[in-house]
Amino acid sequence: MKRTYTDRIRLPDFPLWDKMQGARKLISLDLEVTARCNNNCRHCYVNLPADDKNAQKKELTFDQIRTIVDQAVSLGALWCLITGGEPLLRKDFFDIYLYLKRKGLLISVFTNATLVTARHVEVFKRYPPRDIEVTVYGVTQTTYEKVTAKRGSFRAFMKGLEALNNAGLPVRYKAMALRSNVHELPQISEFCKQRTKDYFRFDPFLHLRFDRNEKRNRMIRNERLSPQQIVAIERGDKERRLALEKGCDKLIMPELEHVQCDHLFHCGTGKGGFYVSYDGFLKLCSSLSHPSCLYDLKKKPLKHALEDFIPRVRDMRSDRKEYLEKCRKCAIFNLCLWCPAHSYLENGHLDKPVEYFCKVAHVRARSLRRTTGIRRAQFESMITNKAVA
Amino acid sequence: MQPTVSLTQVYKQSRDVVARDVQGEFIIVPVASGIAEEEDEIYSLNETGRAVWEKLNGKKSLKQVIKDLAAEYSGSQDEIKKDVLGIVQELVERKMLVKAAKK
């Protein structure tokens, strides 16, 4: 038999993931190259105007990005998401993209596709990203532009998307479900699924802005679906329904009632990856914007963040009774959008319950009760004790 | 048709791939199209493959590379030659190695 010296490995099967499990190793980074966007979406938690000079001035320069990326690569990062704002707004997008490629990173790009040109297509064809994720706000001009608040954006989106599709580039699709487009969600889903064998996801969870702009936050709250609407669309999507039912034993856990733990972080944030904001701050995840959870990569080395800063943030604890008694011991904690990052965006504290999230979690839980096999009365008493008034 | 590998030829690593040591795993990541068959593929080189890869820097012919490896590693020159030709053949087929001008 002929001996082979190279193994072709599809990424999901890469043995490195196993090796990294549990260890504090770096796998990925998310690079927010700008907070500016050419659209003005009603629900967006980042977007600043495309011509915002102040935001542009604060953006990491190409050299600063190189310095951060060099450190990440030397520490083992293999994966990089380029996100924004709208990343294609950066005049040096190609420099950044090709630099990351030449460092041996696998690249994902999040874009609204409206700024895609023949040159983007040419570069992506020659130097392929692992995937390009495009968000679909609507499939008619009226709905799309109601969300983006930008005339002509639907036409630009369709043109950009067709260019990516025609070139056979690996496009993934995402939709945000909000009041302005929920009536069109079945058509959006159909539109996306027709264009990909791979992947389509929708997200009905709108969180508030990183910059805490209250006027914009009101717009986001107004776009949020009711808990009943969220559950209805989740139940209406077969894949999502089955995934929720399958994961039910992890999503509804009566044993959490006995938990004695005051740690704030129970997710995987900061394990294996980190987020770099457009102005150069390391965050454990994109949403975690509390000042005590920001680390200035323009001034301090990444290695120190991984070895010291991130573990210290992950070790943060709460002494707020409301959180410890309600959220932390809640059997449906894992069905809830609540997390310290979202809590801070909602109310300025990392450990305060959020009524809207709580209501959504309860309606979701009730929709899954039958799958759990728990009797209704027992189930109601289990979840009602922890409800936030 | 398979590319023919010649002992007198000098080979170098293609600019269309990047080799990296990630947590002790030696991998080759395709940078440009035409290397991987799927978008989400990377390549892993075993220890022998890595030792050969690191010698292929566009400066020495395969014959010289084999001599250098024989001086560094145990094993007969014939075995090393067989390994080197096998590895180079495979990497040239995958377009990870390209011919360099002879020195």
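For the structure, check the block above.
To keep things clear, this report deals only with the structure shown in the data block. Within each chain, residue numbers correspond to sequence positions counted from 1 in written order. Written order decides the labels, with chains lettered from A and ligands numbered from 1. The model is predicted, so local features are restricted to residues of pLDDT at least 70 and side-chain atom pairs to those at 80 or more, both for listing and for counting; the totals for chains, interfaces and linings are taken over all residues. Remark: hydrogens and water are excluded; side-chain values derive from all non-hydrogen atoms of the structure.

**A word on the overall build of chain A**
We count it as follows: By definition, any uninterrupted DSSP run of H or I lasting at least four residues is a helix, any uninterrupted run of E lasting at least two residues is a strand, and each is numbered from the N terminus. For the radius of gyration, the atom set is restricted to C-alpha positions; the globular benchmark scales as 2.2 Å times the number of residues to the power 0.38. Burial here depends on accessible area, computed with a 1.4 Å probe over protein chains only, as a share of the maximum for the residue type. Under 20% is buried, over 50% is exposed, and the range in between is partly exposed. We call two residues in contact whenever any of their non-hydrogen atoms come within 4.5 Å of each other. With residues, only the protein chains shown are counted as cover, and all accessible areas are computed by Shrake-Rupley using a 1.4 Å probe. Only four residue types enter the tally: Lys and Arg on the positive side, Asp and Glu on the negative side; His and the chain ends are excluded. Charged groups are reduced to one reference atom each: NZ for lysine, CZ for arginine, CG for aspartic acid, CD for glutamic acid.
Scanning chain A from N- to C-terminus turns up 17 helices and 12 strands. In summary, chain A has a C-alpha radius of gyration of 22 Å against a globular reference of 21 Å for 389 residues, a match within 12%. By residue count, 55% of the 389 residues in chain A fall in the buried class. The contacts in chain A between residues at least 6 apart in sequence include a share of 72% that link residues at least 24 apart. For chain A, the accessible surface area stands at approximately 18,200 Å², while carbon and sulfur atoms represent 50% of it. Between the mean site of the 70 positive side-chain charges and the mean site of the 45 negative ones, chain A shows a separation of 1 Å.

**Regarding the packing of aromatic side chains**
All names here are of chain A. So the rule is basically this: Between 30 and 60 degrees the pair is tilted, below 30 it is stacked and above 60 it is edge-to-face, where a pair is any two Phe, Tyr or Trp rings, Trp via its six-membered ring, whose centres lie within 6.5 Å.
For the structure shown, the criterion picks out 16 aromatic pairs over all chains. Measuring from ring centre to ring centre gives 5.2 Å for Tyr97 and Phe124, while their planes differ by 75°; the resulting arrangement is edge-to-face. With Tyr97 in helix α4 (residues 93-102) and Phe124 in helix α5 (residues 118-126), this residue pair connects regions lying 27 residues apart in the sequence. Both residues of the pair, Tyr97 and Phe124, count as buried. Put simply, the rings of Tyr137, Tyr144, Phe154, Phe157 and Phe191 pair up and form one aromatic cluster.

**Side note on the sheet that holds strand β5 (residues 57-61) of chain B**
Residues and elements named next belong to chain B. Under the convention used in this document: Here a strand pair is declared whenever DSSP counts at least two bridges between the two strands. What counts as an axis is a line fitted to C-alpha atoms, over the stretch in contact for a helix, and the angles between N-to-C directions run from 0 to 180 degrees.
Reading across the sheet, the three strands line up as β5-β1-β6 and stay open at both edges, with antiparallel pairing between neighbours. Of all strands in the sheet, those with a lone pairing partner are β5 and β6 (97-100), marking the two edges. Between one strand and the next, the sheet's axes are offset by a mean angle of 35°, whatever the strand orientation. As defined by bridge partners, strand β1 (residues 10-13) adjoins β5 across two bridges and the pair is classed as antiparallel. Residue Lys12 lies in a different strand from β5, and its bridge partner there is Asn57.

**Digging into the sheet that holds strand β7 (residues 131-135) of chain A**
Residues and elements named next belong to chain A. Read across the sheet, nine strands follow the order β9-β8-β7-β6-β5-β2-β10-β11-β12 without closing on themselves; strand pairing throughout is mixed. Each of the sheet's edge strands pairs with one partner strand only, and the pair in question is β9 (200-203) and β12 (295-296). Bridging between strand β8 (residues 171-176) and β9 involves four bridges; their strand directions are parallel. Across the sheet, residue Ala175 finds its bridge partner in β9, namely Phe202. This element, α4, spans β2 (28-32), β5 (79-83) and β6 (106-111) of the sheet and lies at about 150° to β6. Across the face of the sheet, helix α8 (residues 185-195) comes into contact with β8 and β9 while running at roughly 175° to β8.

**Remarks on the interface of chain A and chain B**
Basically, it comes down to this: As used here, buried area is the combined drop in accessible area, with a 1.4 Å probe, of two parts when they are placed together. When a carboxyl oxygen of Asp or Glu lies within 4 Å of a side-chain nitrogen of Lys or Arg, that pair is called a salt bridge.
Residue-level contacts link 35 residues of chain A with 31 residues of chain B. Regarding the contact of chain A and chain B, the summed buried area is about 3,000 Å², with carbon and sulfur atoms giving 49% of it. The interface formed by chain A and chain B holds one salt bridge in total. Residue Arg126(A) pairs with Asp16(B) through a salt bridge whose shortest N-O separation is 3.3 Å.

Read these as spatial facts, not as claims about activity.
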